[in-house]
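An overview of the molecular structure
The lines below spell out each chain.
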Amino acid sequence: MTLELRGITKRFPGVVANDDVSLSVAPGEIIALLGENGAGKTTLMNILFGLYSPDEGEVLIDGKQLELSNPSASIAAGVGMVHQHFMLVPVFTVAENVVLGLEPTEALGWIDKDAADAMVREISDRYNLAVDPDSMVEDIPVGVQQRVEIIKVLVRNARYIIFDEPTAVLTPQEVEEFFAIVRGLKEDGKGVIFISHKLNEALEIADRIVVLRDGKSVGEANPKTATENQLAEMMVGRPVELEVQKGLAEPGKVVLSVENLVVLDDRDHRTVDGVTFQVRANEVVGIAGVQGNGQTELVESLTGMRPSLAGHVFVDGVDVTEWSPRAIHKLGIAHIPEDRQESGLVLQFTVAENMVLDSYYDRPYSRGIQMDWDVAAHSSERLVDEYDVKTSRVDVPVSDLSGGNQQKVIVAREFDRDVKLVVASQPTRGVDVGSIEYIHKRIIEQRDEGAAVLIVSSELDEVMALSDRILVMFKGRIAGEFEGATATTTEVGLAMLGSGGSHD
Amino acid sequence: MTATAELFETEARVRATPEERRSTIVGIVLIALGVYVFWAFGLGSGAGLDARFNLSLQTDRFQDLSWVVDARTLSILVAVIIVGLGIWRVTRSALSWTNISLAIGFGLFSLAFLAWAAAGGQFSLVGMLRSTVLLSVVVVLGALTGLMCERVGIINIGIEGQLLASAFAAVVLSSAFGTIAGLVGALLTGGVLGLLLAWLTIRFHVDQIIAGVVINFLALGLTSLMTARILTDVQTLNAPERISAIRIPFLADIPVLGPMLFDHSFFVYGMFILLVGLHFGLFYTRWGLRSRSVGEHPKAADTAGINVYWVRYRNVVLGGMIAGFGGAFLGLSQVARFEENMTGGIGFIGLAAMIFGRWLPFGALGAGLVFGFSRAVQQKVSILGIGIPSEFLLMLPYIVVIVVVAGVVGKTRPPAADGQPYIKQ
Amino acid sequence: MTDQGTQSPPDERPPNGRSFDGVMDRIAGIGEPIRRALLLPTLALVLALVVGAFIIMVTDVDAWRRMGDEPLAALGDMLDGVWVAYRELFIGAFGSVRALSETLFTSTPLILAGLAVAVGFRAGLFNIGARGQIFVGGLFALWVGLHVDLPAILHIPVAVIAAMIGGGIWGGLAGLLKARTGAHEVITTIMLNFVAAFFTLWVLKTSVFQEEGSTIPKSAPILESARLPTIFGSQYRINIGIFIAIAAVFFVYWILFRSTIGFEFRAAGFSPSASLYAGMNVAFLYTAVMFLSGALSGLAGATQTLGLPPYTVTDNFAGNIGFDAIALALLGRSHPFGVLWSGLLFGALIAGGRVMQAAAGVTVDLVIVMQSLIVIFIAAPELVRAIFKVKAAEAEPTQVTTGWGA
């Protein structure tokens, strides 16, 4: 009665994502699969779930070989997966999402809505999940969406459940609730694979910890005896500095001032609903919050990407509210966008082309409208050296680089000039530990050189580590403000849920 | 205290939301339209000239129904209503009425225009409404084709070519082997071109729009070549039996509605049945739920055990068959012969109708009727001979499409995965 | 995206060692191995010819009539038909000085309109509206050619610039609609084609353009000074338009790969979002690139109205150039030099096709079919690979458009 992966190997062009990985889970057991971004955890689980097919290796369930061709086979064999990016159709109801693929039907394929609702209610009640089958998925919070995913898995009678980075979107309190649910599943006899890169969570929930590095399994650890430092070393392959080294801030004059800003999202909802705050020179202000509480729209509005409905944004006392992105950029604002592949880089362009993506229009890269590509290439070579970007040449497409190096290209581009204000959104999302350390160091360096820094991250740890001051966004408003040095995870977490906070 | 002060300051710089701005723009358009109606049709119609709108056809049971109205009075009344609607829009109240106001405005505009054009004479209103339905059939079927494909995430620009090729097949096969063969041939031709689109885009990841454009030109080239090399030589292959109308007892005798809806060939009834079937199928059945999930979030569908590729192939082929049905109507129902490039862009109009109809079957019907109406007006008005060059009237439907896709309808939301290839590792 | 595995795999590029000088080549998009550039188009052309032969055979009505009695002879007739058709096609394209002149003459507007479509592709826009832009541009040039009295040295440039403005406006309109309202350019440009065609039909019947005494939509002959001078005397139609086209090729190359605005076009083409974040005005870029695209189509219109003996213009002067342009832009991989060669190839096909139509009774429509097939094979290299069992792996599928997204 076990689930067993044997010798799984998966190659993508240029990378070996999984290299001869073996793993097993028993019913009623929780395995934590620990590894850095890019270590191959998700690939391995996608193989188990039938989304990718492996180049070598096999999966056995109860001793029988599982056909690794499509999710249906895995589902039928009792494997369920809660994906990191939820596999929910936003414009469907909860019930529609849950029954998709196993719809209860009447004649002519007519869907029996009552039966569908009942399926959701039954599981929801049994595991105390509190989900309304008739809500539209796009209207419910991410925490609830995750529970819909769990219901989907349970409705399909999964005996082995994979959770891919399930806590990334949750507040610390929600994480506790989530762990309670997972323990309930364990008692029910389910085998659980918990994928994470967070050491403390793995130590708390797992019966056994398996560590992946560079696609290889590098060993197991017992959560009762292992320490965070040991695990970190296993994950990264060298001793890791878990704390960000930074001196005390001595905030100077106000650089960024936001007053009563109101911003609409794409669906015309007031996603940012009257936000006021300041960021001073020599200060890092972090905005924490569960994703989808207006952080994205706030940053887009600050950088000129999205018009605001009301309110003002001042930079150095200048009202930049209706300015274009380029005008704001020229004032000396460095912007690290949330989604580097979508917004930060032109993936088909070379490293050099990306290095000049927002400065090409001026000397020395161009005269009039004539580009000077030699200058651009030489300047890119310098930046690649200076910012430790690992690439063979600057004329390769930036898509050939790893996530961490892509992010360093953006950091190099944005920081290589006089920077007054840094606006960094999810600066280390999906990036390896080495690059995280490096990028954090560079950000603190900017602060120490006198820039005002605004960090937006859904990783509470990152906000806590970097910030001199922490703001919490909830439902488009600032729901709490904390001193970086004294704030605790618990109180910030509570504010992320919209309760408490020391704002007034 | 500070909160109120801040609030006050906030309100000092409030910009309009997109919907509010749209309302204002629509309002200004309506006011301009109203003023134009007053000037051109109100003052432009001679005093005391009656327009007689005939409400019955010569074949109807109830004869000689008509509506006589003074063109100037009617136009001025219409102008006042349109300006009123426009002012209401400019005040930005009741934003959900923006599109409805616009629709009412243009409907009334058309009425005033017809009254002006028919002033001192008569005009068969019921004939025009009947033409509206007939002329919208292919547009609606084209829109349903597009909808079938786009609901599963595949853009079909090749509707035009599917219509053209299946019209050709319908004409040739019907001439050679009879009507049934023509119909089946048309359905198969449409389906095969759907299969080609699905195959190129799914199997070979060909850009969907390029694949569609290629299908159009392949269909144009092949049908033109065969027309020149075969049909001009063997004329009997271009003489199918024309499919006649089926009068539905009683219903066809209802004044106005009867000739409009219940005295048509089975193509028209087929279109309505398809429409209702698609509406319920898409939103109430397993087939619809799975199809829509593939168009919205194919990976979610895949992880739920749904075969994304199969769903896409199936629906795109079915969509092609709907176009095949439309092509058969083109070839067998009206002129009953094939002419080179006889579709003349109607497939693209269908595509626009799909967008205008917001990817909903009944939306497609509404949009199709709008385009059918604009063509019907063009046809009937050119008979009246009112001094507008026919070329400009011929442009009308195409201009309507541009205006429509340029956002008369406001923000639309296509299926989220529309146009995106789904590639598994 | 946290794990490598969830990222889409990077496209397959040969990891050949390029020197630093390669930077320029890469950025400029030239210096690709010749084999890679030529293999796929050649195979596509061969396949299209094979399928074309098949079509000629099955549409041979006379042969089919004999099929019942003498099947072998009928088959022979069919093969003979293919032979005659392709022979005439070749002779018509390359067989004589006149043929070469015709090929170059026919290529001229194709190259220009092909550049128009290619520029659009580079910026992520699919301009199907070359036809309409040719009409409008051509009419602008025609008006100047009829009504402005200037010496030839000025008259031709003024007429040509007028064509660029006219075509540019018509193209720019679609760009503006996209930028301001999100209206998809594929639909608007197709609709604008119809509008322009009807407008042309009407305007050629007005007294401004119509030849006196004519009842059909046909213009009066343009003034001598506005006619594009022929190169080898009036017995050959080839004129200085071909030099305009070649100049345009180099101009477009410079714009796309050496200018800041070209950098913006390409950035917006690959990633509108990243371009916006980099501070580019994507709405302006859409309008600008469609204006440029329209202006290039307008040039094609000018060569049609100013360079086509007998210098009177009828309502179908845009011919099928608009579609040919799409096909050859794809064939030329949206690169100006690629467009030049594909334009010459298509010019040869069409010029030869005219001779074929006259001599072998196979209409030029066959060329449309062959072009469609070439586009399919270019866009689906895997298909060609499967058929020929060769490794055409270097050719990646072309993704130029993405949904209706505003």
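Since the structure is predicted, the reported quantities are computational estimates derived from the model, not experimental observations.

**Overview of empty space enclosed by the protein**
- Under the defined criterion, the tally for this structure stands at eight cavities of 30 Å³ or more.
- In this model, the largest cavity occupies a volume close to 130 Å³.
- Along the walls of the largest cavity sit 14 residues, with Phe 49, Met 81, Val 153 and Arg 156 of chain A together with Thr 303 of chain B positioned nearest its centre.
- Put simply, the parts of the chain that give the lining of the largest cavity at least two residues each are strand S6 (79–82) and helix H5 (142–155) of chain A.
- Its residues assigned to classes, the lining of the largest cavity shows eight nonpolar, three polar and three charged.

**Structural notes on the sheet that holds strand S16 (residues 333–336) of chain A**
Residues and elements named next belong to chain A.
- Taken in spatial order, the six strands line up as S16-S19-S20-S13-S21-S22 in an open sheet, and their pairing is mixed. The sheet is open, and its two borders are formed by S16 and strand S22 (477–483), each paired with just one other strand. Going across the sheet, the axis of each strand differs from the next one's by a mean of 15°, ignoring polarity.
- One ladder, built from four bridges, connects S16 with strand S19 (residues 421–425); its direction is parallel. Each residue of the ladder has a partner; that of Ala 334, found in S19, is Val 422.
- Strands S16 and S19 of the sheet are contacted by helix H14 (residues 403–415), whose axis makes an angle of about 170° with S16.

**Brief notes about the sheet that holds strand S12 (residues 270–280) of chain A**
Residues and elements named next belong to chain A.
- Taken together, the four strands give an open sheet; going across it, the order is S12-S11-S14-S15, and neighbouring strands pair in antiparallel fashion. Edge positions in the sheet fall to S12 and strand S15 (318–319), since each has one partner strand and no second.
- Sheet topology places strand S14 (residues 308–315) next to S15; two bridges connect them, and they run antiparallel. Paired with Phe 314 across the two strands is Asp 319, which belongs to S15.
- Strands strand S11 (254–264), S12 and S14 of the sheet are contacted by helix H9 (residues 295–302), whose axis makes an angle of about 120° with S11.

**Observations regarding the domain arrangement of chain B**
Residue and element names in this part refer to chain B.
- If you check the domain split of chain B, you get domain 1 (17–120) and domain 2 (130–408).
- Each of domain 1 and domain 2 has a C-alpha centre, and the two are 31 Å apart.
- Every contact between the two is made by 16 residues of domain 1 and, on the other side, 15 residues of domain 2.
- Where domain 1 abuts domain 2, roughly 1200 Å² becomes buried across the two surfaces, and 67% of that area is made up of carbon and sulfur atoms.
- Broken down residue by residue, the surface that domain 1 buries against domain 2 is led by Arg 61, Phe 113 and Ala 117, which jointly contribute 27%.
- At the boundary of domain 1 and domain 2, one finds zero salt bridges.
- On the surface where domain 1 and domain 2 come into contact, there are zero residue pairs in polar contact (both at pLDDT 80 or more).
- Its residues placed into classes, the side of domain 1 that touches domain 2 shows 10 nonpolar, three polar and three charged.

Cut-offs used in this document
Residues numbered from 1 in each chain as written. Chains lettered and ligands numbered in written order. Predicted model: local features only at pLDDT ≥ 70, side-chain atom pairs only at ≥ 80, totals over all residues. Heavy atoms only, no water. 1 Å grid on protein atoms, 1.4 Å probe; cavity = no way out; pocket = protein on both sides within 12 Å on 5 of 7 lines; lining within 4 Å. Points joined across faces, edges and corners; volume = space filled by probe spheres on them. Helix = DSSP H or I, 4+ residues; strand = E, 2+ residues; numbered from the N terminus. Nonpolar A, V, L, I, M, F, W, Y, C, P; charged D, E, K, R; others polar. Pairing = 2+ DSSP bridges. Axes fitted to C-alpha atoms, helices over the stretch in contact; angles between N-to-C directions. Contact = heavy atoms within 4.5 Å. Domains from an automatic or database assignment. Buried area = accessible area lost by both parts, 1.4 Å probe. Salt bridge = Lys/Arg side-chain N within 4 Å of Asp/Glu carboxyl O. Polar contact = N/O pair within 3.5 Å; in protein donor to acceptor, adjacent residues only side chain to side chain.

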